[in-house]
Amino acid sequence: MDHDMSSTAPGYQMPPAMMPGMPADGQQRLEVAVTVVNTTGETRPVRPGREFMVRTDSGDPPLPPHSDTFGELPRLAPGSAVSGMLYFDLPPHSPAWIEWNHEGVTARLQIGVAPPHSNHG
């Protein structure tokens, strides 16, 4: 999601205090759709809002989600799935990847940069 709240953006510049939850100045909000599936025959612990992080090439500590739509989901029954959204705030155009650390196993997903789009035909 593009939220250009910089002083160079066109239009009225609303002060950050009037927009709780918006990305900080100079940050972009990344929206990630996630589906977690329990393919085992046992109930498994799962906490997507705590298990997914974003890492960047800058060497900074991993970035936890700003927020998510999973809520408190402590476990997932056998053969069940859950879908939700994770939201991360990061510097624009920085090379980054998502890491999922679940029960000691880590998986990576590279984040590609989509070109800007316009709803005006």
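Scroll up for the structure.
Keep in mind that this is a model prediction, so the values were computed, not measured.

Novice: Describe the side chain of Asn38, listing the residues and the values that go with them.
Specialist: Mapped onto the elements, Asn38 comes out in the loop between strand S1 (28–37) and strand S2 (44–45). With residues near it in sequence (within four places) discarded, Asn38 still touches Thr43, Arg44, Leu76, Ala77, Pro78, Gly79 and Ser80.

Novice: Could you give an account of the pairing of strand S8 (residues 105–110), with specific residues and numbers?
Specialist: For S8, a buried count of zero out of six residues is recorded, marking the element as mostly open to its surroundings. As paired elements, strand S7 (residues 96–102) and S8 share six bridges and run antiparallel to each other. When the sheet's bridge partners are listed, Glu99 is paired in S8 with Arg108. Here S7 folds back onto S8 in antiparallel fashion, the turn holding two residues, of which Glu103 has a positive phi close to 50 degrees.

Novice: Could you give an account of the packing of aromatic side chains, with specific residues and numbers?
Specialist: One pass over the full model with this rule turns up one aromatic pair. Ring geometry for Phe52 versus Trp100: centroids 5.3 Å apart, planes at 0 degrees, classification stacked. With Phe52 in strand S3 (residues 52–56) and Trp100 in strand S7, the pair connects residues that are 48 residues apart, well separated along the chain. Overall, the relative accessible area of 9% leaves Phe52 in the buried class.

Rules and cut-offs
For every chain, the first residue of its written sequence is number 1, and the numbers climb from 1 along that sequence. Side-chain atom pairs in this predicted model are given and counted only at pLDDT of 80 or more, local residue features only at pLDDT of at least 70, and totals for whole chains, interfaces and linings cover all residues. Note that water and hydrogens are dropped before the side-chain values are worked out from all heavy atoms of the structure. We count a stretch as a helix when DSSP gives it H or I for four or more residues in a row; a strand needs E for two or more, and each element gets its number in order from the N terminus. Throughout, a contact is declared for two residues whenever any of their heavy atoms are within 4.5 Å. Any residue under 20% of the maximum accessible area for its type is buried, any over 50% is exposed, and the rest in between are partly exposed; the area is computed with a 1.4 Å probe on protein chains only. Pairing between strands requires that DSSP locate at least two bridges from one strand to the other. Pairing of aromatic side chains here covers Phe, Tyr and the six-membered ring of Trp, requires ring centres within 6.5 Å, and sorts the geometry by plane angle: under 30 degrees stacked, over 60 edge-to-face, intermediate tilted.

The quantities given are spatial measurements derived from coordinates; they are silent on function.
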